[in-house]
Amino acid sequence: MSDRSFTIPTHEISHPQWQIPADLTPLVPDVVHVWRASACQPPQVLDQLMQTLSADEQERVGRLRFDHLRCRAIASRGILRSILASYLNCNPEVIKFQYGTQGKPSIDASSLPNLEFNLSHSEDLIVCAIALQPIGIDVEFFREMTDCDQLIKRYFSMQEQAMLNTLSVEAKQQAFFHYWTGKEAMLKAAGLGIGDLKKVELNPVGKRVQLFSIAGCDQFVASWHLHSFEPQPNYLANIAIESPTNQLRYWQW
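Residues numbered from 1 in each chain as written. Predicted model: local features only at pLDDT ≥ 70, side-chain atom pairs only at ≥ 80, totals over all residues. Heavy atoms only, no water.

Visitor: Which residues make up the overall build of the protein chain, and what values do they have?
Guide: What the protein chain contains, in helices and strands, is seven helices and eleven strands. Taken over 253 residues, the protein chain has a buried fraction of 49%. Taking the intrachain contacts of the protein chain between residues at least 6 apart in sequence as the baseline, contacts between residues at least 24 apart amount to 61%. For the protein chain, the accessible area works out to roughly 12600 Å², and carbon and sulfur atoms hold 52% of it. (Helix = DSSP H or I, 4+ residues; strand = E, 2+ residues; numbered from the N terminus. Buried < 20%, exposed > 50% of the residue type's maximum accessible area, 1.4 Å probe, protein only. Contact = heavy atoms within 4.5 Å. Areas by Shrake-Rupley, 256 points an atom, 1.4 Å probe, with all protein chains shown as cover.)

Right, here's the structure in full:
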């Protein structure tokens, strides 16, 4: 793994300013709240987060073999509960999750009936998107990849492959993460599984990558958009939102 920083010069990426939760504004339609958190939390914080998890969540965490994976799992799930509780005005431990056929979580939020959320994590970074509409988010840590060509051939359309194969090795790896996070964000917004990555086809439009097609969800093409941002150096995230005019607010947990 390389320690050098990556850039994606051919694509447009925002570099947001992160606000502290003390300034948290109410969640309203057409506004998306994006949260950033570290999965590396002190032991006392992890202990507190563990206490907010449900019995089945604690059981799943307990089955993980390695300490660093257990810590990340506690942090991501506990921090998600903490974030949601700030909108629902409740204690984190009382939140009950439901799961769709492809595993997408939701909650029964009577106080905010349209509340939607999506979480992603990579290495030690957690990102979470909260909105009053369906939304998807994905984050990846930039790293040197030896299987980039194999993944492109397996999960990318013929048109995407043709475009990426015109790039240099370094540019192809950079573009790969841009496309991968966009595909994952769209699938998560649609409630589909990662196995459907090839169903999502993206297309470069200027310096942006936008949805070209998604098999079985034709209604997404006209109205859904991708927003790329750098949550911190060496990471790339993509948000799938239904309107390009949505305002984005960024919060640090």
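Visitor: I'd like a description of the packing of helix 1 (residues 43-52) against helix 3 (residues 67-88), backed by residues and values.
Guide: Running from N to C, helix 1 and helix 3 cross one another at 65°; their axes reach a closest spacing of 8 Å. Relative to helix 3, the crossing made by helix 1 is left-handed. In this structure, helix 1 uses L46, L49, M50 and T52 to contact helix 3, whose residues at the interface are C71, I74, A75, G78, I79 and R81. Residues that form the contact of helix 1 with helix 3 fall into these classes: seven nonpolar, two polar and one charged. (Axes fitted to C-alpha atoms, helices over the stretch in contact; angles between N-to-C directions. Left-handed = near helix turned anticlockwise from the far one by under 90°. Nonpolar A, V, L, I, M, F, W, Y, C, P; charged D, E, K, R; others polar.)

Visitor: Outline unusual backbone geometry, listing residues and values.
Guide: The phi dihedral of D30 is positive, around 70°, even though this residue is not glycine. With respect to the secondary-structure elements, D30 resides in the segment before strand 1 (31-38). On the basis of relative accessible area, D30 is assigned to the exposed category, the value being 51%. Look at N234: it is not a glycine, yet its phi comes out positive at around 75°. When you line up the elements, N234 lands in the loop between strand 9 (225-229) and strand 10 (235-241).

Visitor: Go over the sheet that holds strand 4 (residues 116-122) with me, naming the residues and quoting the values.
Guide: Here four strands make up an open sheet; going across it, the order is 4-5-1-11 and the pairing mixed. Taken across any chain shown, the strands that pair with only one partner, and hence form the sheet edges, are strand 4 and strand 11 (247-252). Between one strand and the next, the sheet's axes are offset by a mean angle of 20°, whatever the strand orientation. One ladder, built from six bridges, connects strand 1 with strand 11; its direction is parallel. In the strand pairing of strand 11, W35 is matched with W251. Against the sheet, helix 3 touches strand 1, strand 4 and strand 5 (125-131), its axis set at about 30° to strand 5. (Pairing = 2+ DSSP bridges.)

Visitor: I'd like to hear about the pairing of strand 5, residue by residue, with values.
Guide: By the criterion of burial, strand 5 is predominantly enclosed, with seven of the seven residues buried. Going residue by residue along strand 5, you find L125, V127, A129 and A131 tucked away on one face and I126, C128 and I130 tucked away on the opposite face as well. Alignment of strand 1 against strand 5, held across six bridges, turns out to be antiparallel. Bridged to V34 within strand 5 is A129. Connecting strand 4 to the next strand, strand 5, in antiparallel fashion are two residues, including E123 with a positive phi near 50°.

Visitor: Go over the side chain of E140 with me, naming the residues and quoting the values.
Guide: Assignment of secondary structure puts E140 in strand 6 (residues 136-141). Since its relative accessible area comes to 12%, E140 is described here as buried. For E140, the contacting residues outside a window of four places in its chain are S122, F177, W180, T181, E184, N234, Y235 and L236.

Visitor: Explain the pattern of salt bridges to me, and be specific about the residues and the numbers.
Guide: Side chains bearing opposite charge may pair, as long as their charged atoms lie close to each other. Per the stated rule, a full pass over the model turns up ten salt bridges. Connected via shared salt-bridge partners are E57, R77 and R81. (Salt bridge = Lys/Arg side-chain N within 4 Å of Asp/Glu carboxyl O.)

Visitor: Just give me the short version of the environment of E230, but keep the residues and values in it.
Guide: Position of E230 among the secondary structure elements: in the loop between strand 9 and strand 10. What E230 contacts, discounting residues up to four positions off in sequence, is I13, S14, H15, P16 and Y235.

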